[in-house]
Amino acid sequence: MIDEKFDAIVVGAGPSGNAAALVMAREGLNVLQIERGEYSGSKNVQGAILYADALEQIIPDFREDAPLERHVIEQRMWTMDDRSHTGMHYRSDDFNEDKPNRYTILRAQFDKWFSAKVREAGALLLCETTVTELVRDLKGKVIGVQTDRQGAPIMADIVVLAEGVNGLVGQRSGLREEVSPDSVALAVKEMHFLPREVVEARFNLKGNEGVVIEAMGTITKGMTGTGFLYTNEESISVGIGCIVSDMTESEVTPYELLDAFKKHPSIRPLLEGSECKEYAAHLIPEGGYNAIPKLHGDGWLVVGDAGQFVNAVHREGSNLAMTTGRLAAETVIELHRKREEMSEANLKRYLARLEDTFVMKDLKKYKGIPALLHGNKGNFFGTYPQLISQAMQTWFRVDGVDKKSKEKAIMKNFRETRTLRGMLGDAFKLARAWR
Amino acid sequence: MNEMTTIQTAKVEEKLYQNRYLVDAGRPHIRVKPHEVPSAGLLAMIHLCPAGCYSVAESGQVELAADGCLECGTCRIVTKGTGEIEWNYPRGGFGVLYKFG
Ligand SMILES: Cc1cc2nc3c(=O)[nH]c(=O)nc-3n(C[C@H](O)[C@H](O)[C@H](O)COP(=O)(O)OP(=O)(O)OC[C@H]3O[C@@H](n4cnc5c(N)ncnc54)[C@H](O)[C@@H]3O)c2cc1C
Ligand code: SF4
């Protein structure tokens, strides 16, 4: 039993909780972190691309010992129909820099490493322990947590909820609504192992260079979603995710979607001969700015996926998680130093800090995108990918038809399938949502 | 029909076989409450659950075997309106253990 009172309790040891706990502990706060898994990372799933900047702000020399797989030098964006992909690739030797900007990682290993840093900074970590509820005083202020271990509640001045997308503690304590099926995606993912040389030859890589592929189109069978394939040192992460409400209406299972993606003629050769060693599933909050719940109150703050901090358009989540964790920690440190109360009014400074960063700026910029894609999913994830593929094929196939007639045929196909007005409308809506 | 439009039925058991679990024997963390007729959401879990934990009995009720559960929370979110299932995380330390994540 723990009867000491902490300056802060952090619920969860993913990137948001690890960032928050580390920053607070390093500044001398007495921090307890509680994680339900056997170790930090044992419950966590990601693609996974790590964006260096957010981590660098917390651990500047992370490159020295963090378990990084490959630094990303090439990004492939694919629009797919059933038999083809149309790609936009960007590869640059500039990404072979001293301090690369993006890396592929394996979350179970990365989180474990991050967690060791948190403990080195002086935080106490309690694993294999699930927080079951928040403890409040008579005025409703959060003053601690109850766990599934026997014993009295554990007390603290502030509870930072870094509990991830399901956010059971916050929901059951009435801090926020349950997430809705149309604002989360269900993603399934497999880990495919191949010898290092095979990965490098197949993707045209040297040393620790890496390639990532993001794909959309008929692979999601008309549902709002995307597929991905990332190169790791000796493995490939491959996965696909769709909005849960779309999947509810369809008949297809998530693993059938994944298997079909893996069998796609553009993907299959990349995985040829590999051995699958893990199958994982996880939700991704994709509701964007409009889905952000209340983030602070008397004695509590919310960070990371629990606060819906994911930029689905750019597939960024872990960096928003680390940044929100750090900003929450900085807010708490400031109040702690000034001996000010962890009240709702004082904790509002966390929101002000958030507004100043890319986190809120980006989420605001794209606030119209989730509804737009979802409302037009048949077009964006079915009709357009097919039309694009047909246009490409008409254009590239040399068959005696003159180019002018080919142009006409392409335009006619677009117009007949989607009407000029429909296309202009979609372009307009997309441009407006993108602003 | 070409190969891509007919999706072969994948065996989810084979996928789950790759994973590590620590099963809390006799203490399932998710329970389907007794019901006469399942809601559309609960029925959808039969295809929606990424671990294939849900099935329908001959009598029409939805059943659950949570051993292979990946703890994604999808079934919890889909049935939140009807309250047909009782969902908790496994006890600390139990459940799926990702080696790679
Ligand atoms: C398939 C997939 C691909 C992704 N790809 C990318 C990508 O390439 N790049 C990127 O930046 N982001 C990506 N994301 C998003 C990213 O994974 C998340 O945004 C990020 O993990 C959020 O971090 P977090 O700390 O808030 O939550 P989590 O990582 O989910 O951590 C929450 C932690 O809290 C613990 N916990 C929960 N409840 C309790 C409780 N009651 N008691 C104790 N412990 C508890 C959990 O066990 C877990 O360790 C991806 C997500 C998925 C699912
Ligand atoms: S939590 Fe996910 S894996 Fe587990 S039973 Fe529910 S839907 Fe299936």
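Owing to the predicted nature of the structure, the values given are computational and were not obtained by experimental measurement.

### Some remarks on the interface of chain B and chain A
Each partner contributes to the interface: chain B provides 44 residues, whereas chain A provides 62 residues. Taking both partners together, chain B and chain A bury about 4500 Å²; carbon and sulfur atoms supply 55% of that area. Taken together, the links from chain B to chain A amount to five salt bridges. A salt bridge links A:Asp259 to B:Lys15; the shortest N-O distance between them is 2.7 Å. Taken together, chain B and chain A are joined by 29 residue pairs in polar contact (both at pLDDT 80 or more). Sorting the residues of the side of chain B that touches chain A by element identifies helix 1 (12–16), helix 2 (40–48), helix 3 (74–78) and strand 6 (95–97) of chain B as the ones contributing at least two each. Of the residues assigned to the side of chain B that touches chain A, the class counts are 21 nonpolar, 15 polar and eight charged.

### Observations concerning the domain arrangement of chain A
All names here are of chain A. On domain assignment, one finds that chain A holds domain 1 (6–69 + 100–179 + 288–365), domain 2 (182–285) and domain 3 (369–433). For domain 2 versus domain 3, the separation of C-alpha centres amounts to 25 Å. Across the boundary between the two partners, domain 2 contributes 13 residues, which contact nine residues of domain 3. At the surface where domain 2 touches domain 3, the tally comes to one salt bridge. A salt bridge links Asp246 to Lys377; the shortest N-O distance between them is 3.3 Å. Inspection of the domain 2/domain 3 interface yields two residue pairs in polar contact (both at pLDDT 80 or more). Every element with two or more residues in the side of domain 2 that touches domain 3 is listed here: strand 12 (209–217) and helix 6 (244–249). Tallying contributions element by element places helix 6 first for the side of domain 2 that touches domain 3, with three residues. In terms of residue class, the side of domain 2 that touches domain 3 is made up of three nonpolar, seven polar and three charged.

### Overview of the layout of surface pockets
Approximately 330 Å³ is the volume attributed to the second largest pocket. Surrounding the second largest pocket, 17 residues form its lining, B:His29, B:Asn88, B:Tyr89, B:Pro90 and B:Arg91 being those nearest its centre. Of all elements in the fold, only strand 8 (131–136) and helix 4 (168–172) of chain A reach the threshold of two or more residues within the lining of the second largest pocket. If you tally residues by element for the lining of the second largest pocket, the top one is helix 4 of chain A, at three residues.

### A short note on unusual backbone geometry
A negative phi angle characterises most non-glycine residues, just as the trans form characterises most peptide bonds. Residue and element names in this part refer to chain A. Note the cis peptide between Gly47 and Ala48, where omega equals 15°. Here Ala48 is to be found in the loop between strand 2 (31–34) and strand 3 (49–51). For Gln308, which is not glycine, the phi torsion reads 65° and is therefore positive. Inspection of the secondary structure puts Gln308 in the loop between strand 17 (300–302) and helix 9 (318–337).

### Description of the site of ligand 2
Residues and elements named next belong to chain B. Inspection of the region around ligand 2 gives 14 residues, with Cys49, Cys69, Cys72, Gly73 and Cys75 positioned closest. Given that more than half its atoms are within 2 Å of the pocket grid, ligand 2 belongs to the second largest cavity. Across the shell around ligand 2, the residue classes break down as eleven nonpolar, two polar and one charged.

### Describing the site of ligand 1
Among the 40 residues in the neighbourhood of ligand 1, the closest are listed as A:Ser16, A:Glu35, A:Arg107, A:Asp305 and A:Ser318. Around ligand 1 the close residues trace back to chains A and B. In the model, an oxygen atom of ligand 1 is placed 2.5 Å from a nitrogen or oxygen of the A:Glu35 side chain. Within the contact set of ligand 1, an oxygen atom lies 3.0 Å away from a backbone nitrogen or oxygen of A:Gly317. Within the complex, 97% of the 1000 Å² of free accessible area of ligand 1 lies under protein. Contributing elements (two or more residues each) for the shell around ligand 1: helix 1 (15–26), strand 3, strand 15 (275–285) and helix 9 of chain A. The residue inventory of the shell around ligand 1, partitioned by class, reads 18 nonpolar, 14 polar and eight charged.

Rules behind the numbers
- Residues numbered from 1 in each chain as written.
- Chains lettered and ligands numbered in written order.
- Predicted model: local features only at pLDDT ≥ 70, side-chain atom pairs only at ≥ 80, totals over all residues.
- Heavy atoms only, no water.
- Contact = heavy atoms within 4.5 Å.
- Buried area = accessible area lost by both parts, 1.4 Å probe.
- Salt bridge = Lys/Arg side-chain N within 4 Å of Asp/Glu carboxyl O.
- Polar contact = N/O pair within 3.5 Å; in protein donor to acceptor, adjacent residues only side chain to side chain.
- Helix = DSSP H or I, 4+ residues; strand = E, 2+ residues; numbered from the N terminus.
- Nonpolar A, V, L, I, M, F, W, Y, C, P; charged D, E, K, R; others polar.
- Domains from an automatic or database assignment.
- 1 Å grid on protein atoms, 1.4 Å probe; cavity = no way out; pocket = protein on both sides within 12 Å on 5 of 7 lines; lining within 4 Å.
- Points joined across faces, edges and corners; volume = space filled by probe spheres on them.
- Near = heavy atom within 4 Å.
- Sits in = over half its atoms within 2 Å of the grid points.
- Areas by Shrake-Rupley, 256 points an atom, 1.4 Å probe, with all protein chains shown as cover.

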